[in-house]
Amino acid sequence: EGLARVLLSILLLSILLLDVCQALSVGPTATVRVRALSPLSVRSAAAAVRVRAPSPRLSILERPDTPLFCLNVCLRIKPVFREEFLECIRQNQKGTLSSEPLAITYAYGEDETTPDTWHFFEQYVGREGFEAHTQTPHFAAWEAFAASDPFSAPPEVKFFVEDSASTVCSGAAAVRAVLAAGDWTKLFCLDVEMAVKPEAREGFLEALRADQSGALSSEPLAVSYLFGEDNERPNVFHMFEAYSGGREGFAQHAKTPHYAKWAEFKGTEPFAAPAKVGYYVVDLDGHQERLQTG
């Protein structure tokens, strides 16, 4: 950002000097006149040096070809800590995505219905990627904040490895195009936990993989669909889903033939406990930075 401002100043000064030179006459009776720099020239110069930082890695839209180590996290914050929490987590996100080579995704959003409840989705290349994350200065700042008693309930942190590396849906292309044009967008996301009866495990995996395959290939508003088994609790599975178009994107998913088959399977009572579902919106402003010129 500092370099962009220097370049802008240099370019504006160059244009001003050029205007002065063109306005000068060299004859013995010359009158020196300086033409004011027009607003259009200022805007053109600013546009010429506008700098947009490269998009941080975001596997919701594009990703490596191997399954990733994932976290679904739910944090409930005391209202008095809200602003401090948001500042801390923005810095943690910025540091994670800009300085950690094994960090792939760091996304978060507030629960759709419960204020001060926040869902996070993170991905790393292997557990070693997450362990490296915990050794960074920005994570240390987060730990210091977490030690200040900001939570209204214990944090929920769930670790899992993706069932498949095929998680980016066909609808991600439209979102990439929006971001490439310099615009902003949001994704409607789901944080899901399902405890499956051991005897229903194979049928569950078959049904869920079929629903995932349909979402990957045929839904224009589906952006990401992934799931994996909990690292410590057998037959407990976690999901992350993301849709463009707000809740309507998810509503369209629920009308598809592949979802109908998934719903039919759910009707066979395969779960050992009711599913836990959190709905939230991820603001992609946090993943696509650019300089703003007034």
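Refer to the structure presented above.
First things first, this report covers the structure right here in the doc. Residues take numbers from 1 onward in each chain, read along the sequence in its written order. Note on the predicted model: pLDDT of at least 70 is required for a residue's local features to be given, and 80 or more for side-chain atom pairs to be given and counted; whole-chain, interface and lining totals, by contrast, use all residues. Heavy atoms from the whole structure form the basis of all side-chain values; hydrogens and water molecules are not counted.

1. Some points on the pattern of salt bridges
Pairing between side chains becomes possible if they bear opposite charge and their charged atoms approach one another. Note the threshold: When a carboxyl oxygen of Asp or Glu is within 4 Å of a side-chain nitrogen of Lys or Arg, the pair counts as a salt bridge. Helix numbers and strand numbers start at the N terminus; a helix is a DSSP run of H or I with at least 4 residues, a strand a run of E with at least 2. Exposure is judged per residue with a 1.4 Å probe applied to protein chains only, and the accessible area is read against the type maximum: over 50% gives exposed, under 20% gives buried, and values in between give partly exposed.
Summed over all chains, the structure comprises 14 salt bridges. Its salt-bridge partner being E112, residue R247 comes within 2.7 Å of it at the nearest N-O pair. In this pair, R247 is assigned in helix α8 (residues 247–253) and E112 in the loop between β2 (103–110) and β3 (117–124), connecting sequence segments 135 residues apart. Its relative accessible area of 38% is what places R247 among the partly exposed residues. The shortest N-O distance in the salt bridge between E193 and R233 comes to 3.5 Å. Of this pair, E193 sits in strand β5 (residues 186–195) while R233 sits in the loop between β6 (222–230) and β7 (236–243); the two residues are 40 residues apart in sequence, bridging distant segments of the chain. Taken together, the shared-partner salt bridges connect E193, D230, R233 and K276 into one network.

2. Here's the deal with the packing of helix α3 (residues 82–99) against helix α5 (residues 137–146)
Rules: With axes taken as lines fitted to C-alpha atoms, and helix axes fitted only over the stretch in contact, angles between N-to-C directions fall between 0 and 180 degrees. Put simply, angles under 35 degrees are roughly parallel, angles over 145 are roughly antiparallel, angles from 65 to 115 are roughly perpendicular, and the rest are oblique. The crossing is said to be left-handed when, going from far helix to near helix, the turn is anticlockwise and less than a right angle, and right-handed when the turn is clockwise. Contacts between residues were defined by any pair of non-hydrogen atoms, one from each residue, lying within 4.5 Å. Just so you know the grouping, Ala, Val, Leu, Ile, Met, Phe, Trp, Tyr, Cys and Pro go in nonpolar, Asp, Glu, Lys and Arg go in charged, and all remaining residues, Gly too, go in polar.
Interaxial distance between α3 and α5 falls to 9 Å at its minimum, and their mutual angle equals 160°. As judged from the angle between their axes, α3 and α5 are roughly antiparallel. Crossing handedness for the pair α3 and α5: left-handed. For the pair formed by α3 and α5, the contact residues are E84, F85, C88, I89, Q91, N92, G95, T96 and S99 on the first element and H138, F139, A141, W142 and F145 on the second. Among the residues forming the contact of α3 with α5, the class breakdown is seven nonpolar, six polar and one charged.

3. Details of the pairing of strand β4 (residues 156–162)
To keep things clear, this is the line we draw: When DSSP finds at least two bridges between two strands, those strands are taken to pair.
One ladder, built from six bridges, connects strand β1 (residues 69–76) with β4; its direction is antiparallel. Within β4, the position partnered with C74 by the bridge is E156. Relative to β6, β4 runs antiparallel, the two sharing three bridges. In the sheet register, F160 faces β6, and the bridge partner there is D230.

4. As for the packing of helix α7 (residues 201–218) against helix α9 (residues 257–266)
Two elements in contact, α7 and α9, have axes separated by 8 Å at closest approach and are oriented at 160°. Overall, the two elements α7 and α9 adopt an arrangement that is roughly antiparallel. Where α7 crosses over α9, the two elements pack in a sense that is left-handed. Where α7 approaches α9, its residues G203, F204, A207, L208, A210, D211, G214, A215 and S218 are matched on the opposing element by H258, Y259, W262 and F265.

Function cannot be inferred from these measures alone, as they are strictly geometric.
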